[in-house]
Amino acid sequence: MIEETVKPIDLTLGQVLPERQVGNSHHASDCLNCATPISEEFCAHCGQKSTTHRYSIVHFVEHDFVHGVWHVDKGILFTIKELFSRPGHSVREFIQGRRAKHFSFVTLILLILTVSTLLAPYLHIKMSDLIPMKTQNVMNSFEEFVTKYPKIFIVILIPLNSIFSSLWFRKARLNFSEHLVANSYKAAAELMVGLLFTLLMIFYTNLKGLSMIYFAIIMPFVFAYGIWFYYQLFTNYGYSKKALFFRSFGVILSIGVFQALFGFIWGMFQMMNVK
């Protein structure tokens, strides 16, 4: 058995500079990573780009940070636009294989949660402050958790959303993993709405105003968005318009009923333990 070895290359600054421009067809004769002769944009052996550059602050900000982390060129901005202009259609296309332009739903969720965590120290108002005091006094530990960590709860609900969407839309014959992907993108959109509200809470601290915005605008929007999302997602699977609306509403309603029942049972169990 012949073992292939790649000898490391010691590079001098002169070998790296100046940057070789692919657009002008000025490619390196040898890959700077593995020494394989190359004439195209990427090395056929190791996959490294044939262009090289010397690092600078400008290049780091414009290329490595923006492109490498955010993929603004065709990733996160495209996905956000799609999630708020044609959410169900775009996610259905993603599931069916058109994935090149979409930002990873896992990365998107983690990114939103990270930004929310970084903003937390600047908040002077908590979500629980928006709940009337009488309601706060009768909440059990489950309800307190939902109120205190709404974004985490949205992520936890992804599998539950997937169970109900798979039950209500069985005829679509999507497997459970595909339902998980779809509901992850739905959760990402809801998290972005929550992030916008978090930003608002930093600069606007009127409790009555925030409560009105949250309960009169944010919550109805999230409810309507869920129906819109499922309606579009399952449009091409043989359902009539009435059936699409009814089943989409059914998914959202089922989640709400399950959450209420679980909270009630949790509260009863908690009271039994106290006694």
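Draft legend 1. Broad picture of the packing of aromatic side chains. This structure, assessed with the given rule, holds 16 aromatic pairs. Measuring from ring centre to ring centre gives 5.2 Å for F94 and Y185, while their planes differ by 75°; the resulting arrangement is edge-to-face. Taken together, the residues F94 in helix 4 (residues 87-95) and Y185 in helix 10 (residues 176-203) connect sequence positions 91 residues apart. Grouping residues by exposure puts F94 and Y185 together as buried. Measuring from centroid to centroid gives 5.9 Å for F223 and F249, while their planes differ by 80°, and the two rings are edge-to-face. Of this pair, F223 sits in helix 11 (residues 207-233) while F249 sits in helix 12 (residues 241-274), placing them 26 residues apart in sequence. Over the aromatic face of F94 sits the side chain of R99, whose NZ or CZ is 5.4 Å from the ring centroid. Against the face of Y239 rests K171, its NZ or CZ located 4.5 Å from the ring centre.

Draft legend 2. Structural detail: the packing of helix 4 against helix 11. Their axes nearest at 7 Å, the elements helix 4 and helix 11 cross at an angle of 45°. Taken as axis vectors, helix 4 and helix 11 run oblique relative to one another. The two elements helix 4 and helix 11 cross, and the hand of that crossing is right-handed. From helix 4, P87, G88, H89, V91, R92 and I95 reach across to helix 11, where they touch Y225, W228, F229, Q232 and L233. Counted by class, the contact of helix 4 with helix 11 contains 7 nonpolar, 3 polar and 1 charged residues.

Draft legend 3. A look at the pattern of salt bridges. One pass over the structure, following the stated rule, counts 5 salt bridges. Taking the shortest distance from any N to any O, the salt bridge between E93 and R98 comes out at 4.0 Å. On the basis of relative accessible area, E93 is assigned to the buried category, the value being 16%. Owing to a relative accessible area of 60%, R98 belongs among the exposed residues under this scheme.

Cut-off values and rules
- Residues numbered from 1 in each chain as written.
- Predicted model: local features only at pLDDT ≥ 70, side-chain atom pairs only at ≥ 80, totals over all residues.
- Heavy atoms only, no water.
- Phe/Tyr/Trp six-rings, centres within 6.5 Å; stacked < 30°, edge-to-face > 60°.
- Helix = DSSP H or I, 4+ residues; strand = E, 2+ residues; numbered from the N terminus.
- Buried < 20%, exposed > 50% of the residue type's maximum accessible area, 1.4 Å probe, protein only.
- Lys NZ or Arg CZ within 6 Å of the ring centre and 35° of its normal.
- Axes fitted to C-alpha atoms, helices over the stretch in contact; angles between N-to-C directions.
- Parallel < 35°, antiparallel > 145°, perpendicular 65-115°, else oblique.
- Left-handed = near helix turned anticlockwise from the far one by under 90°.
- Contact = heavy atoms within 4.5 Å.
- Nonpolar A, V, L, I, M, F, W, Y, C, P; charged D, E, K, R; others polar.
- Salt bridge = Lys/Arg side-chain N within 4 Å of Asp/Glu carboxyl O.

Geometric descriptors of this kind do not, in isolation, establish any biological role.
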